[in-house]
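Coordinate inspection notes
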Amino acid sequence: MESRYTASARRVLGRRPFDHPPAERGRRRRRTPALFRKGPLRRLGRLDRWAFDQVAAAHLPGLEVVLPRLSRAADHGVLWFTAAGAMGLTRRARLRRAALRGSVAIAVASPVVNVLGKHAFRRARPVVDLVPPIRIRWKLPTSHAFPSGHSASAAAFATGVAMEAPRAVAAPVAATAAAVAFARIYTGAHYPGDVLAGVGIGALAALGTRLVWPARPPVAHITRTFTEKVMITGDGQGIVVVVNGDAGAGEGAAEVPVLRSAAESAVGLVRRELPAAGIVRPGPDEDLDKVLDEAAAHAEVLGVIGGDGTLNAAARAAVAHDVPLLPIPGGTFDHFARALGIETAADAVAAYRGGRLGRVDVGVVAPVGDEDAPEHELIFLNTAGIGAYTELVERRERLEGRLGKWGALAVAAVRTFRHSEPLPLLVDGRLRRVWLGFVGNCSYGSRGPAPTWRRHLDDGRLDIRLVTTGERVPRLRALAAVLAGHLHVMPGYRAWHADALELAAPGGGLRMARDGEVTSLPPSVRVGKRPGALAVFCPPTPA
């Protein structure tokens, strides 16, 4: 029978009960550090030990076996890094960001606790007289007790995940983290105060990641329109879906089979869920813009499977014919679809069936003097870039056939930093030497040369960011600024919001990358906005 002595009996006997595991019988209570032997901390220490005794004496049927194993699984962060790996294998960007933020938070919290905290306080581990042997299934740790490293890692990961992931994922992770923290007390490894301190440090470490990596909202805000009515049918009657199976990859690129597989998976889901929807596949020699224009002219809803470049072309057709656009992810990045909260084809089908329509702004680029001629306008949904960004995209496209998307991007980035030179441009009539230019459709919340998320898609503003420099670019400083996401430390960095921007290349040859597609432009152009020009389907705001 298991012994259950009271705290007073333990002090009288001065030794552990004989039924305690042999490995622990010879362990003596280490002396309490002076910090905990006086004043308020002494009273807190007594309260802490009393709370530990209460938990140790508690009997929770079913948890005697589960909690020790859960605590063991969290050793060295194995439990959390396994969960991060599982989330990273999904195709959902929010879960991948959550996994990365949680892992970074652990990397910050762990050394703070184990290297600094434990050696600063040197608190002894609890005496485990009242803990039944069944809970102590492995050798107890011999390091200092305060603060709890397991609890810090658990809280860091759970807080990091909660900042990025939907509630359906964040809630079970938080419950598991709470169970791990309680298990450290229940198995006799820590006092409650150790655990609370660890939880606080872990949560602060996760929140601190926002200083260098701001958390992004799950979706961008769009004002819902109630005046427009679209016939929503259960079988998809009236939808025409244009499929660009090669979206996001160059000819012969290594990722083409993967992207084609993703596009085919999306097509299969649309055919199952919306069997009456029309599916259009442009041939290799067909003009995608013409195909989209014809589809929009005959559709109640224009759907498109492809990446941001394909969505750009589809948006122009949808605006011209004033039909709602249904984005179905099928590219590499899918920035616009994800800003709407559509990360998979299933999300797109749910958005259509929910019938939730909103109107988003469209960025436009037109030759100066032809701003009122829609046929001469070029649009962008996400960003328009000039200077080094255009060179980066062009080099990446040339290398994709041999290196694939990510390899080409890495090599192109290195070459661009080594060889790009500032361009003389007239910016709103003032001559500047522009090394990097970024124009965002609506205000972007993230930092860096190419921000990726927005809080609103209908704020009526352009987000303009320029890096102007002299004859030579400070390349090492530029590289550090780009990698750290703090482009504002670059000399010549300027950022502002406006509703229009005029650009002119005195020597001609103005080139711009719109939503990842490079286009040659007239020498003088005006970048502006068409507020609320595009009607889109979007799912309800996720929890």
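Just so we're clear, the structure is a prediction, and the values are computed from it rather than from any experiment.

So, how was this worked out
Residues numbered from 1 in each chain as written. Predicted model: local features only at pLDDT ≥ 70, side-chain atom pairs only at ≥ 80, totals over all residues. Heavy atoms only, no water. Helix = DSSP H or I, 4+ residues; strand = E, 2+ residues; numbered from the N terminus. Buried < 20%, exposed > 50% of the residue type's maximum accessible area, 1.4 Å probe, protein only. Contact = heavy atoms within 4.5 Å. Areas by Shrake-Rupley, 256 points an atom, 1.4 Å probe, with all protein chains shown as cover. Pairing = 2+ DSSP bridges. Expected span 1.5 Å × (residues − 1). Patch = residues over 30% accessible without salt bridge, like charges linked within 9 Å, V, L, I, M, F, W, Y side chains within 5 Å. Salt bridge = Lys/Arg side-chain N within 4 Å of Asp/Glu carboxyl O. Lys, Arg positive; Asp, Glu negative; His and termini not counted. Charge placed at Lys NZ, Arg CZ, Asp CG, Glu CD. pLDDT = per-residue confidence, 0-100. Arc of directions from axis to C-beta. Axes fitted to C-alpha atoms, helices over the stretch in contact; angles between N-to-C directions. Parallel < 35°, antiparallel > 145°, perpendicular 65-115°, else oblique. Nonpolar A, V, L, I, M, F, W, Y, C, P; charged D, E, K, R; others polar. Left-handed = near helix turned anticlockwise from the far one by under 90°.

So, the overall build of the protein
Each helix and strand counted, the protein has 16 helices and 15 strands in total. Burial analysis of the protein (543 residues in total) assigns 50% to the buried set. Expressed as a percentage of contacts within the protein between residues at least 6 apart in sequence, the contacts between residues at least 24 apart total 75%. For the protein, the exposed area adds up to about 25,300 Å²; of that, 58% sits on carbon and sulfur atoms.

What about the pairing of strand 9 (residues 430–441)?
For strand 9, the buried fraction is high: nine of the 12 residues fall into the buried class. In the sheet, strand 7 (residues 383–387) pairs with strand 9 via five bridges, with the strands oriented antiparallel. Bridge pairing in strand 9 places Thr383 opposite Gly440. Direction of pairing for strand 8 (residues 423–427) relative to strand 9: antiparallel, over a ladder of five bridges. When the bridges of strand 9 are listed, Leu423 appears paired with Val434. Taken together, strand 8 and the strand that follows it, strand 9, pair antiparallel across an intervening segment of two residues, in which Asp428 is found at a positive phi of about 50 degrees.

Observations concerning helix 8 (residues 167–186)
Along an α-helix, a turn takes 3.6 residues, which lines up residues three or four apart on a common side. Compared with an ideal rise of 1.5 Å per residue, which puts 20 residues at 28 Å, helix 8 spans 28 Å between its outermost C-alpha atoms and is within 8% of the ideal. Listed in full, the buried residues belonging to helix 8 are Ala170, Val173, Ala177, Val180, Ala181, Ala183, Arg184, Ile185 and Tyr186. Downstream of helix 8 by one or two residues, Gly188 has phi in the positive range, about 85 degrees.

Observations concerning a positive patch on the surface
A cluster of basic residues, Arg398, Arg402, Arg415 and Arg418, forms a positive patch at the surface. You can see Arg402 is positioned in helix 15 (residues 388–419).

A word on a negative patch on the surface
A grouping of Asp285, Glu286, Asp287, Asp289, Asp293 and Glu294 is seen on the molecular surface, where their side chains present a negatively charged patch. Along the chain, Asp293 turns up in helix 11 (residues 288–298). Looking at Asp293, the relative accessible area reads 34%, which means it is partly exposed.

Overview of the confidence of the model for the protein
Averaged over the protein, the pLDDT score is 78; the fraction of residues at 70 or greater is 77%. For residues 1–31, every residue scores under 50 in pLDDT, and the model assigns this stretch 51 contacts once sequence neighbours within four places are set aside. Below pLDDT 50 for its whole length, residues 247–259 participates in 28 contacts with residues either more than four positions away or in separate chains.

Topic: the pattern of salt bridges
If you walk through the whole model with that rule in mind, you get 11 salt bridges. Arg359 is the salt-bridge partner of Asp322, the closest N and O atoms lying 3.1 Å from each other. One end of the pair, Asp322, is in the loop between helix 12 (308–321) and strand 4 (325–329); the other, Arg359, is in strand 5 (residues 357–367), and 37 residues separate them in sequence. The partner of Arg465 in a salt bridge is Asp463, and the shortest N-O contact between them spans 2.9 Å. In terms of burial, Arg465 and Asp463 fall into one category: buried.

What to know about the environment of Leu357
Residue position: Leu357 is located in strand 5. Residue Leu357 is classed as buried on the basis of its relative accessible area, which comes to 4%. Separated by 179 residues in the primary sequence, Leu357 and Val536 place their C-alpha atoms 5.7 Å from one another.

Looking at helix 4 (residues 63–73)
Along helix 4, the residues that are buried comprise Glu64, Leu67, Pro68, Leu70 and Ser71. On an axial view of helix 4, the arc spanned by its buried residues comes to 160 degrees, and they lie on one face. Contacts from the buried residues of helix 4 go to helix 5 (78–88), helix 7 (149–164) and helix 8.

Points about the packing of helix 4 against helix 8
At their nearest, the axes of helix 4 and helix 8 sit 9 Å apart, and the two run at 105 degrees to each other. In terms of orientation, helix 4 lies roughly perpendicular with respect to helix 8. Residues Leu63, Glu64, Leu67, Leu70 and Ser71 of helix 4 lie in contact with helix 8, whose contacting residues are Thr176, Ala179, Val180, Phe182, Ala183, Arg184 and Tyr186. When the residues that make up the contact of helix 4 with helix 8 are grouped by side-chain class, the tally is eight nonpolar, two polar and two charged.

Some points on the packing of helix 11 against helix 12
At a minimum axis distance of 9 Å, the contact between helix 11 and helix 12 shows a crossing angle of 40 degrees. Taken together, helix 11 and helix 12 sit at an angle that is classed as oblique. Relative to helix 12, the crossing made by helix 11 is right-handed. Contacts between helix 11 and helix 12 involve Leu288, Asp289, Leu292, Asp293, Ala296 and Ala297 from the former and Thr310, Ala313, Ala314, Ala317 and His321 from the latter. For the contact of helix 11 with helix 12, the class distribution of residues is seven nonpolar, two polar and two charged.

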